[in-house]
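In case you want the letters, here they are:
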Amino acid sequence: MTQRVDVVVVGGGQAGLAAGYHLRRQGLDFTVLDAALAPGGAWQHMWDSLHLFSPADHSSLPGRFMPVQPGETYPDAGHVVDYLADYEKRYDLPVQHGIRVDAVRRDGDRLLVEADSGTWRARAVVSATGTWSRPFVPAVSGCGVFAGRQLHTVDYRRAADFAGQRVIVVGGGNSGAQIAADLVLAGDVQVTWVTRRPPRFLADDIDGRALFDVATARRRALDTGRSDTGGVASLGDIVAVPPVRVARDAGLLTAKSMFSQLTSDGARWADGSRAGADAVIWCTGFRPALAHLAPLNLRGLRGHIATHGTRALSEPRLHLLGYGDWTGPASATLIGVGRPAREAARDVGGLLA
Ligand code: FAD
């Protein structure tokens, strides 16, 4: 059955909810289709010890502050899930869970949104599918011969799953540092942390608040034609959240350079040195989950879609929200997605008026 609606939002994580909030304010008729069975987006799948890198008051979506989590300066992932579930309910956002969108294609003056359980004819689409469902693992020699387990950030839950094992953690970003810290602090896991370049820790007093300020300053500079300040990446790669700081200061978080190949029982470096391993955890990032947009034929450099703000350059009825700085500075954070969501909703409102 085909249903008609002004706007379909694909994805009901934080970006989809922020879009819904602002579409509602525009008075538009919309629906949010979310593949997940329950609210919370990617936050439902984070590892047990993960905490936000910002306090609650710096982790809020438009309209409603995230409540403080009792006893925690930095809320945990479960608290974020509760907040998003409450947000969805409080604003009575029309989120339909358990519906995966397979394709968005042009159909005259409409966009046809095809899902596993129905089709929607929409005048505009906001894609907010995040990156969690597209973990990235680099092509490394020997991946096929390694006899141990290979996991990605998305598979990691807790250090206890690796008790007594030798684990190589690959990646010099926040996930790599946090998972390596989680494992070394457990005490009974032998960890080799591997990064492509020496780890760059942000100063200890910099958390998500400062990062958001830097991203905002960058946006202002770019908006007013001043030169690019370099944004958050210019400060470092790793936020020194408390466990990372503890592990680093105890001398437990030292990184080796990237190995040249995996072998059947571990890794080998170019200088001939080796490390045995029972598991390799790839903390090597994500790619935007855009497969459903393939029929629109918009893919550009590095798998991104060329945008002006959030609007697809070659398809003005399509907006991309929350995928990273290329869809708005800090748009892949809780506090940062509100502004691009508002701009997307206004743009859609203008288009449909
Ligand atoms: P998601 O949360 O991934 O939600 C996307 C939703 O779309 C999901 O429910 C998914 O099921 C659904 N979906 C996907 N494909 C389809 C489809 N084809 N059809 C229908 N539905 C679909 N940000 C912060 O602000 N503070 C932090 O401290 C912080 N820490 C982070 C730590 C880690 C380890 C990671 C990975 C990210 C962190 N982030 C943090 C970044 C960011 O807030 C999250 O990545 C966030 O989950 C992105 O939200 P989203 O709505 O864009 O995507």
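Residues numbered from 1 in each chain as written. Predicted model: local features only at pLDDT ≥ 70, side-chain atom pairs only at ≥ 80, totals over all residues. Heavy atoms only, no water.

Chemist: Could you clarify how one ought to interpret the packing of helix α1 (residues 14-25) against helix α6 (residues 338-352) in this entry?
Modeler: What describes two packed helices is the angle between their axes and the distance between those same axes. At a closest axis distance of 8 Å, the pairing of α1 and α6 adopts a crossing angle of 45 degrees. Here α1 is positioned oblique relative to α6, judged by the angle of their axes. Judged by the twist between their axes, the crossing of α1 over α6 is right-handed. Counted together, Ala 18, Ala 19, His 22 and Leu 23 of α1 and Gly 338, Ala 341, Arg 342, Ala 345 and Val 348 of α6 form the full contact between these two elements. Here the contact of α1 with α6 is built from residues that sort into six nonpolar, two polar and one charged. (Axes fitted to C-alpha atoms, helices over the stretch in contact; angles between N-to-C directions. Helix = DSSP H or I, 4+ residues; strand = E, 2+ residues; numbered from the N terminus. Parallel < 35°, antiparallel > 145°, perpendicular 65-115°, else oblique. Left-handed = near helix turned anticlockwise from the far one by under 90°. Contact = heavy atoms within 4.5 Å. Nonpolar A, V, L, I, M, F, W, Y, C, P; charged D, E, K, R; others polar.)

Chemist: Would you take a moment to explain the site of the ligand for this structure?
Modeler: Close to the ligand lie 30 residues, the nearest being Asp 34, Ala 42, Phe 53, Ala 332 and Leu 334. In this structure, an oxygen atom belonging to the ligand sits 3.0 Å away from a main-chain N or O atom of Ala 15. Contact with the protein chains covers 89% of the free accessible surface of the ligand, which is 990 Å². Of all the secondary-structure elements, those providing two or more residues to the shell around the ligand are α1 and β2 (30-34). In terms of residue class, the shell around the ligand is built from 18 nonpolar, 10 polar and two charged. (Near = heavy atom within 4 Å. Polar contact = N/O pair within 3.5 Å; in protein donor to acceptor, adjacent residues only side chain to side chain. Areas by Shrake-Rupley, 256 points an atom, 1.4 Å probe, with all protein chains shown as cover.)

Chemist: Where do I start with the side chain of Arg 317 in this structure?
Modeler: Tracing the backbone shows Arg 317 in strand β17 (residues 315-320). A polar atom in the side chain of Arg 317 sits 3.2 Å from the backbone oxygen of Asp 109. Polar side-chain contacts of Arg 317 include one of 3.5 Å to the backbone oxygen of Arg 110. Arg 317 has contacts with Arg 106, Gly 108, Asp 109, Arg 110, Leu 111, Arg 123, Ala 124, Val 125 and Leu 351, leaving out every residue within four places of it along the chain.

Chemist: What is the right way to look at the domain arrangement of the chain in this model?
Modeler: Often the size quoted for an interface is simply the accessible area lost on bringing the parts together. You can read the domains of the chain as domain 1 (2-133 + 286-352) and domain 2 (149-201 + 237-282). Here domain 1 and domain 2 have C-alpha centroids that lie 32 Å from each other. Contact with domain 1, which involves nine residues of that partner, is made by 12 residues of domain 2. Together, the buried faces of domain 1 and domain 2 total about 970 Å²; carbon and sulfur atoms form 61% of this surface. On the domain 1 side of the interface with domain 2, the three residues burying the most area are Trp 47, Asp 48 and Phe 53, jointly 54% of the side's total. Looking at side-chain class alone, the side of domain 1 that touches domain 2 contains six nonpolar, two polar and one charged residues. (Domains from an automatic or database assignment. Buried area = accessible area lost by both parts, 1.4 Å probe.)

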